[in-house]
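Read off the chains here:
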Amino acid sequence: MKQAVDYLIKKEPIFNTIIEKYGLPLIPIRSQGFETLVLLILEQQVSIDSAKATFLKLKANVKYFKPESLLLLEDEGFRNLGVSRQKTSYIKALSLSIINKDIDLLSLSNKSPQQVRDDLIKIKGIGNWTIDVYLMFSLQSPDIIPLGDIAVVNTIKELLDIHDKHEMEIYAKKWEPYRSMATFLLWHHYLNKRNRKVNY
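The paragraphs below set out a description of the structure included in this document.

For the rest of this paragraph, the subject is the pattern of salt bridges. A complete count under the given rule lists 11 salt bridges for this structure. Between Lys193 and Glu158 there is a salt bridge; the shortest N-O distance is 2.6 Å. On the criterion of sequence distance, the pair formed by Lys193 in helix H12 (residues 179-193) and Glu158 in helix H10 (residues 150-160) is long-range, its members being 35 residues apart. Judged by its relative accessible area of 33%, Glu158 falls in the partly exposed class. We note a salt bridge from Lys173 to Glu176, for which the minimum N-O separation is 4.0 Å. Looking at Lys173, the relative accessible area reads 45%, which means it is partly exposed.

Structure below.
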């Protein structure tokens, strides 16, 4: 962590400003595998707290939280637990991909970020944002910048006055090979400025 932070504050003074104001961010870690991907699907376009509440209800109502069990759960059962029709279809697509051995989640830790992306993007409902967060939180990939994340984009706009996503992508290359730490610092600023606490 220290090496990444030292590198970034030399490249980008704004990161030093964030650290001086709010301290260092906690680096979230999530387990690898099916449960985390289901949670990430639930987190798409809603708050982390709201998604977590739905996820815990789902876990409490499914005896064995495995692809086979979720595939058998009726759509009405998902709906009664607060899962939208669209996200239900995504969770079932993920479950089916695992059961059919179209994807081996255990193997992802041995693959490059691009290989992980190539494998996961084939699954309905799993896009670049979900893959970016999985790479960062579960696989601890050090060089990810999720420009599909509203908080990251808005913070770059606010602090660096860059408003075009393509320009953001080009600019963020100066943060390589520690773009994940840069992202954690941007999130840290976003949350602290709004007095928000998130339990990942």
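On we go from here.
On to unusual backbone geometry. The amide bond that connects Glu176 to the next residue, Pro177, takes the cis arrangement and shows omega of 5°. Among the secondary structure elements, Pro177 is positioned in the loop between helix H11 (165-172) and H12. With phi around 65°, Gln45 is a residue other than glycine that occupies positive phi space. Secondary-structure assignment places Gln45 in the loop between helix H3 (34-43) and helix H4 (48-61). With phi around 55°, Asp161 is a residue other than glycine that occupies positive phi space. In this structure Asp161 comes out as exposed when scored by relative accessible area, which is 58%.

The relative placement of two aromatic rings is captured by the distance of their centres and the angle of their planes. Applying the stated criterion across every chain yields a total of 8 aromatic pairs. Both rings, one in Tyr7 and one in Tyr178, keep their centres 5.3 Å apart while their planes meet at 65°; by these two values the pair is edge-to-face. Placement of Tyr7 in helix H1 (residues 2-11) and of Tyr178 in the loop between H11 and H12 is noted, with a sequence separation of 171 residues between them. The exposure class of Tyr178 is buried, given its relative accessible area of 17%. Three or more aromatic residues joined by ring pairs make a cluster, and in this case those are Phe15, Tyr171 and Trp175. Over the ring of Tyr190 we find Arg194; its NZ or CZ atom is 3.8 Å from the centre of that ring.

Here is what the cut-offs are and how they apply
Residue numbering note: each chain is counted from 1, following its sequence as written. The predicted nature of this model means local features are confined to residues of pLDDT at least 70 and side-chain atom pairs, given and counted, to a pLDDT of 80 or more, with totals for whole chains, interfaces and linings taken over all residues. Excluded from the side-chain calculations are hydrogens and water; all other atoms, namely the structure's heavy atoms, are used. Put simply, a salt bridge is a Lys or Arg side-chain nitrogen that is within 4 Å of an Asp or Glu carboxyl oxygen. Counting from the N terminus, the helices are DSSP H or I runs at least four residues long and the strands are E runs at least two residues long. Accessibility here uses a 1.4 Å probe with only protein chains present; expressed as a share of the type maximum, an area under 20% marks a residue as buried, one over 50% as exposed, and anything in between as partly exposed. Side-chain rings of Phe, Tyr and Trp, where Trp is taken by its six-membered ring, are said to pair if the distance between their centres is within 6.5 Å; with planes under 30 degrees apart they count as stacked, over 60 as edge-to-face, and otherwise as tilted. Charge-over-ring contacts are defined here by two conditions on Lys NZ or Arg CZ: a distance within 6 Å of the ring centre and an angle within 35 degrees of the ring normal.

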